[in-house]
Amino acid sequence: MEPKKISAPLSDADVLALKAGDNVLISGIIYTARDAAHKKLIELMEKNEDLPIDLKGQFIYYVGPAPAKPGQAIGSAGPTTSGRMDAYTPMMLEKGMKACIGKGLRNQAVKEALKKYKGVYLAAVGGAGALLSKRIIKSEVVAYPELGPEAIRKLEVKDFPATVINDAYGNDLYADGAKKYAR
Amino acid sequence: MRELAASVISDHVAEMCQKANIYLGEDVFSALKKSMDTEESPTGKEVLKQLIENVEIARNEQIPICQDTGFAVFFVEWGQEVHLTGGTLEEAIHAGVRKGYEEGYLRKSIVDDPLYQRKNTGDNTPAVIYTDLVPGDKVKISFAPKGGGSENMSTVKMLKPSDGEAGVIDFVVNHVKAAGPNPCPPIVVGVGIGGTFDKVAVMAKKALFRQIGSKHGDPVFAELEAKILSKINDLGVGPQGFGGRTFALAVHIETFPSHIASMAAAVNINCHACRHLEREI
């Protein structure tokens, strides 16, 4: 099956068109954030203060990239383990994030929140940092530069490949995939 | 007595830091390519294809295979005839890491205070350094940039002697099953059996330096390695956990004598980017 082409901003309808196991190619804007940045964003949300980025309809990619060599938009940039962001993700979805990209298992609260707020969890191939960096054509730090690799970056991507793991219907590729090939 | 300058060590370390992050060992690369033949899942094959392409891009463009260029871990076998001059071993290694990670555009992934401030140290130091004093006049440095993802999926358990072989198998297989997609399969599994709580963990890490395709010297443990590998792949987790027959590329076991009351066991997982480099100076 051909990969589906998707871009931000994502609507509820866009999210509902995706099913666990679908391959997608993302073009356009993706924001990055991992542990430290999520902690800061949630603290702002809890105080009802403005966020440095508008989450509505957006992708958040859990990544801490390597520094860019001269001539590169970004260094190697594969996903980090999403489970560490589980504590923060339901609130990110509540505030309008539509898709998160990482790798590895999500907990039940995240899967429930994806259903409730109509969001998807996508996996990029872990460790394919060099390959994935070539699909990122621009990178700009937009918040928390002091966090170095953990800063919030605004990326422009072209045909960035990912796979739907958890959709808005409660399906889970990690659970279904293993069942098929277990002996 | 042979004199060895700290600066020589630093220069080697700086080069090793970069090489290990850019060039995947031939044994690991071969194992990835060979698994294309045995993988049954089309999605699994597609993932393996991307991982192989990724290794080639890293080599051709001289960029890190993965953005997690890891905690710098060193095992140093210091020949007792060698006299270190011009600085301490720790300073020499740290200077090398600083240089290598800066010049190589590698990620600085270490924070100072592990619990409260967690401020990035900015230069990927300190390293984790194990040193053994050995006979002779050579210095052997083994380096591994150990990524956080796979490291986080590692564990130590004090089994009981009565748990036996079945207990060890269950411990390793169940632990790897729970880790699932998190450590970026296909994984390499280092297992330690014996020793103390701390020793067994280091053994499990040392096990990750073995060439993929090599077997344990004792045929009984070689058989155990094969058995555990087979059971892990039968879990069906597959490349990146999307489902398939290639969850692990290899299982390596290191053993050490044990206390009569204990059977310490440890699992140190490495992802498919099983990066390590050895050099004799």
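Here the focus is the overall build of chain A. Within chain A one finds 6 helices and 7 strands. Taken from the N to the C terminus, the helices and strands of chain A come in the order β-α-β-α-β-α-β-α-β-α-β-β-α. On C-alpha atoms alone, chain A measures out to a radius of gyration of 15 Å, which is about the 16 Å that the 2.2 N^0.38 rule sets for 183 residues. C-alpha atoms of chain A, sized along the principal axes, occupy 45 × 40 × 30 Å.

Moving on: the overall build of chain B. Scanning chain B for helices and strands turns up 8 helices and 10 strands. The C-alpha radius of gyration of chain B comes to 19 Å, within 12% of the 19 Å expected for a compact globule of 281 residues. Overall, the C-alpha framework of chain B stretches about 55 × 50 × 40 Å when taken along its three principal axes. Every one of the 281 residues in chain B was classed for burial, and the buried ones make up 48%. When contacts within chain B are restricted to residue pairs at least 6 apart in sequence, those whose partners lie at least 24 apart make up 82%.

Residues and elements named next belong to chain B. One way to put it is that helix H1 (residues 6-22) packs onto helix H4 (residues 89-103) with a least axis distance of 7 Å and a crossing angle of 40 degrees. H4 is crossed by H1, and the crossing has right-handed handedness. Packed against H1, whose contacting residues are Ala 6, Ile 9, Ser 10, Asp 11, His 12, Val 13, Ala 14, Glu 15, Cys 17 and Gln 18, the element H4 presents Glu 91, Ala 92, Ile 93, Ala 95, Gly 96, Val 97, Lys 99, Gly 100, Tyr 101 and Glu 103 at the interface. Residues that form the contact of H1 with H4 fall into these classes: 10 nonpolar, 5 polar and 5 charged.

Moving on, we get to the domain arrangement of chain B. Residue and element names in this part refer to chain B. Assigned domains of chain B: these are domain 1 (2-20 + 65-146) and domain 2 (149-274). Just the C-alpha atoms count here: the centres of domain 1 and domain 2 sit 26 Å apart. Contacts between the two partners involve 8 residues from domain 1, matched on the other side by 7 residues from domain 2. Top element by residues in the side of domain 1 that touches domain 2 is strand S5 (residues 139-146). It accounts for 3 residues.

Residues and elements named next belong to chain B. With mixed pairing, 4 strands are arranged side by side in an open sheet as S6-S9-S7-S8. On the outer flanks of this sheet lie strand S6 (155-159) and strand S8 (248-255), each paired with one strand and no other. Shown here is a sheet whose adjacent strand axes are inclined to one another by a mean of 15 degrees, direction ignored. Across 6 bridges, the pairing between strand S7 (residues 187-193) and strand S9 (residues 263-270) is antiparallel. Bridge pairing in S9 links Val 188 to Asn 270. Relative to S8, helix H8 (residues 219-233) is tilted by about 145 degrees, and along the sheet it contacts S7 and S8.

If you look at the interface, chain B gives 42 residues, while chain A gives 38 residues. If you list the elements that add at least two residues to the side of chain B that touches chain A, you get helix H3 (42-61) and helix H5 (148-152) of chain B. In terms of residue count, H3 of chain B provides more of the side of chain B that touches chain A than any other element does, 8 residues in total. Partitioning the side of chain B that touches chain A into residue classes produces 17 nonpolar, 18 polar and 7 charged.

This brings us to H8 of chain B. Helix length check: H8 of chain B, at 15 residues, gives a terminal C-alpha distance of 21 Å against a target of 21 Å (1.5 Å per residue), a fit within 8%. Those residues of H8 of chain B hidden inside the fold are in contact with helix H6 (164-179), S7 and S8 of chain B.

Right, let's talk about the nonpolar core for a bit. Membership of the largest hydrophobic core comes to 131 residues, with the highest contact counts inside it found for Cys 17 and Val 189 of chain B. Each of domain 1 (2-20 + 65-146) and domain 2 (149-274) of chain B gives at least three residues to this core.

Further remarks concern the sheet that holds S5 of chain B. Sheet strands pair by backbone hydrogen bonding; their relative direction is either parallel or antiparallel. Residues and elements named next belong to chain B. What the 4 strands build is an open sheet, ordered S4-S2-S5-S10; its pairing is mixed. Across the chains shown, the open sheet's two edge strands, defined by having one partner strand only, are strand S4 (128-134) and strand S10 (277-280). With strand direction ignored, the average angle separating the axes of adjacent strands in the sheet is 15 degrees. In this sheet, S5 lies alongside strand S2 (residues 71-79) in antiparallel orientation, the contact comprising 8 bridges. Along S5, the bridge assignment pairs Val 73 with Ala 144. Helix-sheet contacts for H1 involve S2, S5 and S10, and the interaxial angle to S5 is about 40 degrees.

Averaged over every residue, the pLDDT of chain B is 97; residues scoring 70 or more account for 100%. Note on the complex model: pTM 0.95, ipTM 0.93.

The step from Ala 8 of chain A to Pro 9 of chain A runs through a cis peptide bond, and the omega angle for that step is -5 degrees. Within the secondary structure, Pro 9 of chain A is located in the loop between strand S1 (4-6) and helix H1 (12-16). The omega angle of the peptide bond from Pro 185 of chain B to Pro 186 of chain B is 10 degrees, so this bond is cis rather than trans. Mapped onto the fold, Pro 186 of chain B is located in the loop between H6 and S7. For Tyr 144 of chain A, which is not glycine, the phi torsion reads 55 degrees and is therefore positive.

Residues and elements named next belong to chain A. Listing the buried residues of helix H6 (residues 173-181) in full gives Leu 173, Tyr 174, Gly 177, Ala 178 and Tyr 181. The buried residues of H6 occupy an angular sector of 115 degrees when projected down its axis, which confines them to one face. Residues of H6 that are buried sit in contact with strand S7 (152-166).

Residue and element names in this part refer to chain B. Relative to each other, helix H2 (residues 26-38) and H3 sit at 150 degrees, their axes nearing to 9 Å. It follows from the interaxial angle that H2 and H3 lie roughly antiparallel. Of the two elements, H2 crosses H3, and the hand of that crossing is left-handed. Facing H2, whose interface residues are Phe 29, Leu 32, Lys 33, Ser 35 and Met 36, H3 presents Lys 45, Leu 48, Leu 51, Ile 52 and Val 55.

Conventions used here
Residues numbered from 1 in each chain as written. Chains lettered and ligands numbered in written order. Predicted model: local features only at pLDDT ≥ 70, side-chain atom pairs only at ≥ 80, totals over all residues. Helix = DSSP H or I, 4+ residues; strand = E, 2+ residues; numbered from the N terminus. Rg over C-alpha atoms; globule rule 2.2 N^0.38 Å. Buried ≥ 20, exposed ≤ 12 C-beta atoms within 10 Å, placed from the backbone. Contact = placed C-beta atoms within 7 Å. Axes fitted to C-alpha atoms, helices over the stretch in contact; angles between N-to-C directions. Left-handed = near helix turned anticlockwise from the far one by under 90°. Nonpolar A, V, L, I, M, F, W, Y, C, P; charged D, E, K, R; others polar. Domains from an automatic or database assignment. Pairing = 2+ DSSP bridges. Expected span 1.5 Å × (residues − 1). Core = buried A, V, L, I, M, F, W, Y, C linked by C-beta atoms within 7 Å. pLDDT = per-residue confidence, 0-100. Arc of directions from axis to C-beta. Parallel < 35°, antiparallel > 145°, perpendicular 65-115°, else oblique.

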